[in-house]
Amino acid sequence: QVQLVESGGGLVQAGGSLRLFCAASGRTFSTNAMGWFRQAPGKEREFVAAISGRGGRTYYGDSVKGRFTISRDNAKNTVYLQMNSLKPEDTAVYYCAADAEIWTIGTTEGDYEYWGQGTQVTVSS
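Note that this is a predicted model, so its numbers are computed, not measured.

Student: Is there a simple way to explain the packing of aromatic side chains in this structure?
Tutor: Two measures describe an aromatic ring pair: the distance that separates the ring centres and the angle between the ring planes. For the structure on display, the rule yields six aromatic pairs. When the ring of Phe29 is compared with that of Tyr114, the centres are 5.6 Å apart and the planes differ by 70°; the resulting orientation is edge-to-face. Of this pair, Phe29 sits in the loop between strand S3 (18-25) and strand S4 (32-39) while Tyr114 sits in strand S10 (residues 114-115), and the two are 85 residues apart along the sequence. Owing to a relative accessible area of 25%, Tyr114 belongs among the partly exposed residues under this scheme. Between Phe37 and Phe47, the aromatic rings sit 5.6 Å apart at their centres with planes inclined by 70°, giving edge-to-face as the arrangement. Taken together, the residues span a long stretch of sequence, with Phe37 in strand S4 and Phe47 in strand S5 (residues 46-51) at a distance of ten residues.

Quick look at the structure:
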């Protein structure tokens, strides 16, 4: 059974940093894209970042470009999201996602079949 478990969320002041972790189990995702999405209260889920299976390609949502960095360690079956210069508008539940299809990478929810339960990130002003 595939599981994605996020961790690393918490409360941080504006301008601070957090690093999110997504540990996958049940299968290896070394040839599959993985991504991060977020959902703030009352808003739709938003694309944050995605990384290809080997890590050679990355994509970011416009609101996080230059501040967030996605990376992965396939030996650990783990994906990371380094978030710097955090703003109150980054407050949301952050979800990790994995694509069941190999050698593709997408930026929409429909591109991903596996999802974690989410981790809360709160940025205070």
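Student: How do you make sense of the nonpolar core when you look at a structure like this?
Tutor: Considering soluble globular proteins, one finds that nonpolar side chains tend to be buried as a cluster. Ranked by internal contacts, the top residues of the largest apolar core, which has 26 residues, are Met34, Trp36, Leu81, Met83 and Tyr94. For this core, the elements supplying multiple residues, two or more each, are S3, S4, S5, strand S7 (68-73), strand S8 (78-83), strand S9 (92-102) and strand S11 (119-124). Discounting residues that sit within four places of it in the chain, Met83 has contacts with Gly16, Ser17, Leu18, Leu20, Arg67, Phe68, Tyr94 and Val121. In this structure, Phe37, Phe47, Ile105 and Tyr112 belong to the second largest nonpolar core, which totals seven residues.

Student: Before we go on, may I ask you to explain the sheet that holds S7 in this structure?
Tutor: Strand pairs in the sheet, formed through backbone hydrogen bonds, run parallel or antiparallel to each other. Spatially, the four strands line up as an open sheet ordered S1-S3-S8-S7, and their pairing is antiparallel. Strands at the two margins of the open sheet, each flanked by one partner only, are strand S1 (3-7) and S7. Each adjacent strand pair in this sheet contributes to an overall mean axis angle of 15°, direction not counted. With six bridges connecting them, S3 and S8 associate as antiparallel partners. Looking at S8, one finds that Phe21 is bridged to Tyr80.

Student: It is not clear to me how the environment of Gly35 should be interpreted in this structure. Could you clarify?
Tutor: With respect to the helices and strands, Gly35 occurs in strand S4. On the accessibility criterion, Gly35 (0% relative accessible area) is buried. In this structure, the C-alpha to C-alpha distance between Gly35 and Thr91, residues 56 residues apart in sequence, is 18 Å. The contact partners of Gly35, leaving out residues within four places of it in the chain, are Ala49, Ala50, Ile70, Tyr95, Cys96, Ala97 and Tyr112.

Student: Is there a simple way to think about the pairing of S11 in this case?
Tutor: On a regular strand, one side chain projects to one face of the sheet and the next to the other, so that they alternate. Of the two faces of S11, only the one carrying Thr119, Val121 and Val123 is buried; Gln120, Thr122 and Ser124 on the other face are not. Looking at chain direction, strand S2 (residues 10-13) and S11 are connected through four bridges and run parallel. Paired with Gly10 across the two strands is Val121, which belongs to S11. As judged from the three bridges shared by S9 and S11, these two strands associate in the antiparallel manner. Within S11, the residue paired with Val93 across the bridge is Gln120.

Student: Just to check I follow, could you spell out the environment of Gly53 for this structure?
Tutor: By the secondary structure assignment, Gly53 is in the loop between S5 and strand S6 (58-60). Take Gly53: its relative accessible area is 5%, and that puts it in the buried class. A sequence separation of 15 residues divides Gly53 from Phe68, and the C-alpha atoms of the two residues are 19 Å apart. The residues contacting Gly53, other than those within four sequence positions of it, are Ser30, Thr31, Asn32, Ala33, Arg72 and Asn74.

Cut-off values and rules
- Residues numbered from 1 in each chain as written.
- Predicted model: local features only at pLDDT ≥ 70, side-chain atom pairs only at ≥ 80, totals over all residues.
- Heavy atoms only, no water.
- Phe/Tyr/Trp six-rings, centres within 6.5 Å; stacked < 30°, edge-to-face > 60°.
- Helix = DSSP H or I, 4+ residues; strand = E, 2+ residues; numbered from the N terminus.
- Buried < 20%, exposed > 50% of the residue type's maximum accessible area, 1.4 Å probe, protein only.
- Core = buried A, V, L, I, M, F, W, Y, C linked by side-chain atoms within 4.5 Å.
- Contact = heavy atoms within 4.5 Å.
- Pairing = 2+ DSSP bridges.
- Axes fitted to C-alpha atoms, helices over the stretch in contact; angles between N-to-C directions.

Any functional reading would require information beyond the geometric quantities listed.
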